[in-house]
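The primary structure of each chain is shown beneath.
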Amino acid sequence: MSTDRATLLKHDQSFFDALVAGDLGVLEELLSDDFILVGLQDGAVADKRIVLDLVASGALAFPRIDSFPDEAIVRVIGNVGIVVGRTGMKVTNPDGTTYSAGSRYTHVYATGSPGTWRLTSAQGTAIRP
């Protein structure tokens, strides 16, 4: 496994672990200041501050996220890293409703220097049974 692949998959897992734990410190460090999340269910767009506020308040919670790094496609183009992967997750929405979903996601990372990858964009697509 190349160093970039290993590093990006480690960052992906850290992102998922931080969402499950509600760890704002890790999320603050992993997410770029201009981070954008496109929601799995409705395609809503949320910036870093919105995501952090929702996680901090407990309005958005991830009781479980399973990832499958062996299936991930990882590409590095210059200072950009792209991870296309798959998750199985349980999500609690701001209105308190919960759902379970499988998803295929694309995470885009950027770096200014080696080893300083920050997640700049995340988008999920539900995998329908």
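Structure shown above.
Below, the structure is looked at part by part.

### Brief notes about helix H3 (residues 48-57)
- Among the residues making up H3, those that are buried are Lys 48, Val 51, Leu 52 and Val 55. Angular distribution of buried residues about the axis of H3 spans 95°; they occupy a single face of the element.
- A side-chain oxygen of the first residue of H3 lies 3.2 Å from the backbone nitrogen of Arg 49; this N-cap is Asp 47.

### Observations concerning the environment of Gly 43
- By the secondary structure assignment, Gly 43 is in the loop between strand E1 (31-38) and strand E2 (45-47).
- For Gly 43, a relative accessible area of 36% puts it in the partly exposed group.
- For the pair formed by Gly 43 and Gln 123, sequence separation is 80 residues and the distance between their alpha carbons is 8.4 Å.

### Quick notes on the pairing of strand E5 (residues 80-92)
- Bridge count between strand E3 (residues 61-67) and E5: five bridges; the pairing is antiparallel. Residue pairing across strands places Ile 65 opposite Met 89, the latter belonging to E5.
- Summarising the sheet, strand E4 (residues 73-77) and E5 pair through five bridges and their orientation is antiparallel. Note on E5: the bridge partner recorded for Val 74 is Val 83.
- Taken together, E4 and the strand that follows it, E5, pair antiparallel across an intervening segment of two residues, in which Gly 78 is found at a positive phi of about 60°.
- Relative to strand E6 (residues 98-110), E5 runs antiparallel, the two sharing 13 bridges. Within E6, the residue paired with Val 91 across the bridge is Tyr 99.

About the cut-offs
Residues numbered from 1 in each chain as written. Predicted model: local features only at pLDDT ≥ 70, side-chain atom pairs only at ≥ 80, totals over all residues. Heavy atoms only, no water. Buried < 20%, exposed > 50% of the residue type's maximum accessible area, 1.4 Å probe, protein only. Helix = DSSP H or I, 4+ residues; strand = E, 2+ residues; numbered from the N terminus. Arc of directions from axis to C-beta. Polar contact = N/O pair within 3.5 Å; in protein donor to acceptor, adjacent residues only side chain to side chain. Pairing = 2+ DSSP bridges.

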